[in-house]
Amino acid sequence: MKHQRIRRWLTGLTTGITMSVSLMAAADTTRAFIPMGMADSVGVIDLVGRQVTSSMTGTVNTHGSALTPDGQYLVAGSLTAHESEEPVSRPEGVTEDEHAAHHGGGAAAASEEPNTGLLYMVDTATNAIARTLEVPGPVHHVLVTTNGRYAVSTHPMGGGISIVDLDSGKLVKSVATGPAPNYVVETEDGQSLLVSNSGNGTISEVDTSHWFVKRNMRVGGGPEHMVLAPENERLYVNDVASGQVSVVELSSGVVAATYEIGEEPHGVGLSNDGQILFATSKGSNRIVRIELATGARRSAPLAPGPYHLAVSPHDGQLLITSRAESKLWVLDPDSLDIIDEIPLEGIGHQISLEAN
């Protein structure tokens, strides 16, 4: 009996140590992936050690990025036009005129357009490009649907979004949303995408079952980056024209409130509990923090050019790139003090975060 107790104790001890090591390893692999634009790479940042640990190379001018739900692949989009050897395929169910209109003109204009865009599927374990996918035009921002099936790209020069099946690599659909589409988010139930059209001040709601615009919401100004509140009740949209973040009630589709941010607002995010709004003002060189329940506001100088923003799932810290310098700031979410500055290889764009 004594020996059995000792064996059970040793087994429990070993299991506890193994679990602790596993949890430490999991924490140590919490990473951020940041496209470096014209530096033609994607930086991989360890959020625990707060340092660049590796680089994904072979990409061209990547701006948008999104991880697959399992974290196995990063999908990064190139904002540079690509000379295709073959004409861009017309998705099933789209007429020739509709396809031409998506590319910015009539049939003649479409037939003369040789440029497409590129999506890179990069293996996050090896940093190697596993696949390159063609899409109809340069890519601004990227989303991977929560079911892991599709990559969605916004095409600012094409007036819409494209949907690519990640298994087949084929273009499923091109959906015209409005002039200069900028950003895209997905509702929690996966039934809708929300696309900001900065050219006409609207938000398009796209049905993900049949890929069509089922509603357009007029918000005015120049809507760009967005973040969706938990339970899909409110959408927070930065308006570069007014220097505000607009709060859109999704049930009614109207703007319920606005928050002053500053000139050229860009990045926007929510705390992990959804109670605090963060936004960067690129033109005013500031970071703004707003408690949504009370409206209490705090801001701090952040220069030069605070740009893309993300909230770390690891500890809630703010990750903010600079539009003017090759670096990433790490900020305390309460005080807005700078905790660290991480040098980058280029200008950092859409930040993708690895879940715990």
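This is a predicted model, so every value here is computed, not measured. (Residues numbered from 1 in each chain as written. Predicted model: local features only at pLDDT ≥ 70, side-chain atom pairs only at ≥ 80, totals over all residues. Heavy atoms only, no water.)

Caption draft 1: How the structure looks around the sheet that holds strand β2 (residues 41-46). Spatially, β3-β2-β1-β29 is the arrangement adopted by the four strands of the open sheet, whose pairing is antiparallel. What marks the edges here is a single partner per strand, and that holds for β3 (51-57) and β29 (352-353). Across five bridges, strand β1 (residues 31-35) lies against β2 in antiparallel orientation. From the neighbouring strand, I34 faces β2, where its bridge partner is G43. (Pairing = 2+ DSSP bridges. Helix = DSSP H or I, 4+ residues; strand = E, 2+ residues; numbered from the N terminus.)

Caption draft 2: Quick peek at the pairing of strand β19 (residues 244-249). Burial of β19 is extensive: five of the six residues sit out of reach of the surface. Alignment of strand β18 (residues 234-239) against β19, held across six bridges, turns out to be antiparallel. From the neighbouring strand, L235 faces β19, where its bridge partner is V248. In textbook terms, the turn of a hairpin is the stretch between consecutive antiparallel strands, and for β18 and β19 this stretch comprises four residues, one of which, G243, has a positive phi near 75°. Taken together, the six bridges between β19 and strand β20 (residues 254-260) define a ladder with antiparallel strand orientation. The residue of β20 that forms the bridge with E249 is V254. (Buried < 20%, exposed > 50% of the residue type's maximum accessible area, 1.4 Å probe, protein only.)

Caption draft 3: Geometry of the environment of L336. Tracing the backbone through its elements, the reader meets L336 in the loop between β27 (327-331) and β28 (338-343). What makes L336 buried here is its relative accessible area of 4%. Spatially, the C-alpha atoms of L336 and S299 are 7.5 Å apart, while their sequence positions differ by 37 residues. In this structure, L336 is in contact with F278, I287, R289, R298, S299, A300, L318 and L331, ignoring residues within four places of it in sequence. (Contact = heavy atoms within 4.5 Å.)

Caption draft 4: A look at the sheet that holds strand β21 (residues 265-270). As summarised here, the arrangement of the four strands in space is β21-β22-β23-β24, forming an open sheet in which the pairing is antiparallel. Of all strands in the sheet, those with a lone pairing partner are β21 and β24 (297-301), marking the two edges. Averaged over all pairs of adjacent strands, the angle between strand axes in this sheet comes to 15°, irrespective of strand direction. Across five bridges, the pairing between strand β23 (residues 286-291) and β24 is antiparallel. Counterpart to R286 in the pairing with β24 is P301. (Axes fitted to C-alpha atoms, helices over the stretch in contact; angles between N-to-C directions.)

Caption draft 5: Main features of the pattern of salt bridges. Under the criterion given, the structure shown has eleven salt bridges. One salt bridge connects R289 with D334, and the closest N-O pair in it is separated by 3.3 Å. You can see R289 sitting in strand β23 and its partner D334 sitting in the loop between β27 and β28, a full 45 residues away along the chain. Among the residues examined, D334 registers a relative accessible area of 45% and is labelled partly exposed. Across the pair K327 and E341 runs a salt bridge, and its minimum N-O distance is 3.5 Å. One end of the pair, K327, is in strand β27; the other, E341, is in strand β28, and 14 residues separate them in sequence. (Salt bridge = Lys/Arg side-chain N within 4 Å of Asp/Glu carboxyl O.)

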